[in-house]
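# Secondary and tertiary structure notes
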Amino acid sequence: MLNTPTFSFSFLLPRYWINWLGIIILYTISWLPYRLQLGLGKLIGRLLYITVKSRRKIAARNLEICFPEMSEQARKSLLIKNFESTGIALFESSMGWWWPQWRIKRIAHVEGLEHLEDALKSGQGVLLATYHMMCLEICGRVFGQAHPCVAFYRPHNNPLMEYFQYKGRARDNRYLIGAKNVKGLLEALTNNEACYYLPDQDYGRRRSVFVPFFAEPQACTTTGTTLFAKESNCKVIVLMPERLPNGKGYKITLTPALDNYPSGDDQVDATRLNKLIEQGIMKAPEQYMWLHRRFKTRPDRKQASVYK
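Residues numbered from 1 in each chain as written. Predicted model: local features only at pLDDT ≥ 70, side-chain atom pairs only at ≥ 80, totals over all residues. Heavy atoms only, no water.

### Observations regarding the UniProt feature "transmembrane region" (unreviewed entry) in the protein
- Residues annotated by UniProt as "transmembrane region" (unreviewed entry) correspond here to residues 16–34.
- Each end of residues 16–34 is marked by a C-alpha atom, and these two atoms are 29 Å apart; helix forms 74% of the span and strand 0%. (UniProt positions renumbered as here; feature names shortened; annotations may be inferred. Helix = DSSP H or I, 4+ residues; strand = E, 2+ residues; numbered from the N terminus.)

Below, the structure written as structure tokens:
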């Protein structure tokens with residue numbers, strides 16, 4: 001059962017006024033020229049780099065783990081660019097939520113759509129496995145114009161923000177399913193829908209395996225992709241989003257449907273998917289969400305955190 005957020009007059013109460021102020025500011029800024037918003041985003045990202053020290057340390061540690069062969073100076077440069085991308089993502093969220101279709105269409109580039117169309121012809125749903133690139137919010141709109149999809153997402157804790165988040169993400173797409181509604185996602189897949197799913201973060205050791213992710217040999221990786229593919233008999237395609245340089249917009253690349261997936265071996269499947277995600281990230285590594293504690297769950301429960 002879907003739980004679509006609706007507007008409530010309680011949103012006008014004083015406890016939401018700060019939220020409304022932020023929403024109004026972001027909505028107003030979203031109408032500025034695109035390149036100007038990119039520039040403002042970079043400035044905010046630089047400010048975040050200076051002020052948000054805890055996340056800076058997490059991102060720096062992730063880069064150190066994933067790219068040990070990279071020089072310290074190169075990693076620092078990548079880290080700064082990553083924070084610039086984080087600042088840009090703030091503006092991309094408002095673009096994704098409120099831009100009209102014609103404005104999205106001017107910056108949209110999609111390659112490999114035929115792979116999705118071919119997979120859906122078989123009468124099976126398609127799980128679009130993607131990952132947390134900073135531009136993902138607006139890329140949902142970009143790809144939704146090419147093919148409206150269903151999103152599996154985590155609802156916002158704030159009811160007003162959840163209302164705007166849902167409405168924004170559902171534009172040009174079918175509908176959204178809360179992350180706890182596993183049955184709803186399986187039903188969508190069996191009904192021949194294309195559904196977004198993000199298996200790249202550390203969701204804890206439950207239903208997970210420890211497989212390589214970049215240079216880390218034992219990254220906690222969810223087996224959810226395999227589980228959904230097996231239970232719904234759907235196809236799996238990897239969706240690779242990226243922000244193009246020089247203000248040229250966004251590019252979505254789809255891989256062909258994965259053959260022999262699931263293979264029956266969770267370790268093999270997770271390793272294979274991580275390799276494809278790595279390939280996508282390396283198209284624009286500064287745009288990945290390195291701020292997340294990707295390696296917080298260790299194979300040995302007694303092992304000290306890699307972030308200490």
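Read on, since the account is not over.
### Thoughts on helix α9 (residues 182–190)
- Of the positions making up α9, those classed as buried are Gly184, Leu185, Ala188 and Leu189. End-on view of α9: buried residues confined to an arc of 135 degrees, all on one side of the axis.
- The inward-facing, buried residues of α9 abut β2 (126–129), β3 (150–153), β4 (175–178), β5 (194–197) and α10 (224–232).
- The positive-phi residue at the C-terminal boundary of α9 is asparagine 192, with phi of around 70 degrees. (Buried < 20%, exposed > 50% of the residue type's maximum accessible area, 1.4 Å probe, protein only. Arc of directions from axis to C-beta. Contact = heavy atoms within 4.5 Å.)

### Description of the environment of tyrosine 196
- One can find tyrosine 196 in strand β5.
- When the C-alpha positions of tyrosine 196 and arginine 294 are compared, they lie 20 Å apart, and in sequence the two are 98 residues distant.
- Residues contacting tyrosine 196, with those up to four places away along its chain left out, are Leu128, Gly140, Phe143, Gly144, Cys149, Val150, Ala151, Phe152, Asn173 and Leu239.

### So, the packing of aromatic side chains
- Overall, the coordinates contain 25 aromatic pairs when judged by the stated rule.
- On the numbers, 6.1 Å between centres and 70 degrees between planes, the contact of tyrosine 34 with tyrosine 250 is edge-to-face. Of this pair, tyrosine 34 sits in helix α2 (residues 34–51) while tyrosine 250 is found in strand β9 (residues 250–254), placing the two residues 216 residues apart along the sequence. Across the pair, tyrosine 250 and tyrosine 34 agree in class, each one buried.
- When the centroid spacing of 5.9 Å and the interplanar angle of 80 degrees are considered together, the rings of phenylalanine 152 and phenylalanine 228 count as edge-to-face. Note that phenylalanine 152 is positioned in strand β3 and phenylalanine 228 in helix α10, a separation of 76 residues in sequence.
- Phenylalanine 152 gets classed as buried once you look at its relative accessible area, which sits at 13%.
- Geometry around tyrosine 49 places arginine 56 over its ring, the cationic atom sitting 5.2 Å from the centre.
- Seen from the ring of phenylalanine 213, arginine 294 lies directly overhead, with NZ or CZ sitting 4.9 Å from the centre. (Phe/Tyr/Trp six-rings, centres within 6.5 Å; stacked < 30°, edge-to-face > 60°. Lys NZ or Arg CZ within 6 Å of the ring centre and 35° of its normal.)

### Focus on the pattern of salt bridges
- Inspection of every chain in the model, using the stated rule, returns 11 salt bridges.
- As a salt-bridge pair, arginine 61 and glutamate 64 come within 3.0 Å of each other at their nearest N and O atoms. With a gap of 3 residues between them, arginine 61 and glutamate 64 both fall in helix α3 (residues 53–66), about one helical turn apart.
- Between aspartate 259 and arginine 272 there is a salt bridge; the shortest N-O distance is 2.8 Å. Taken as a pair, aspartate 259 in the loop between β9 and α11 (266–281) and arginine 272 in helix α11 lie far apart in primary sequence, 13 residues in all.
- Aspartate 259 gets classed as exposed once you look at its relative accessible area, which sits at 55%. (Salt bridge = Lys/Arg side-chain N within 4 Å of Asp/Glu carboxyl O.)

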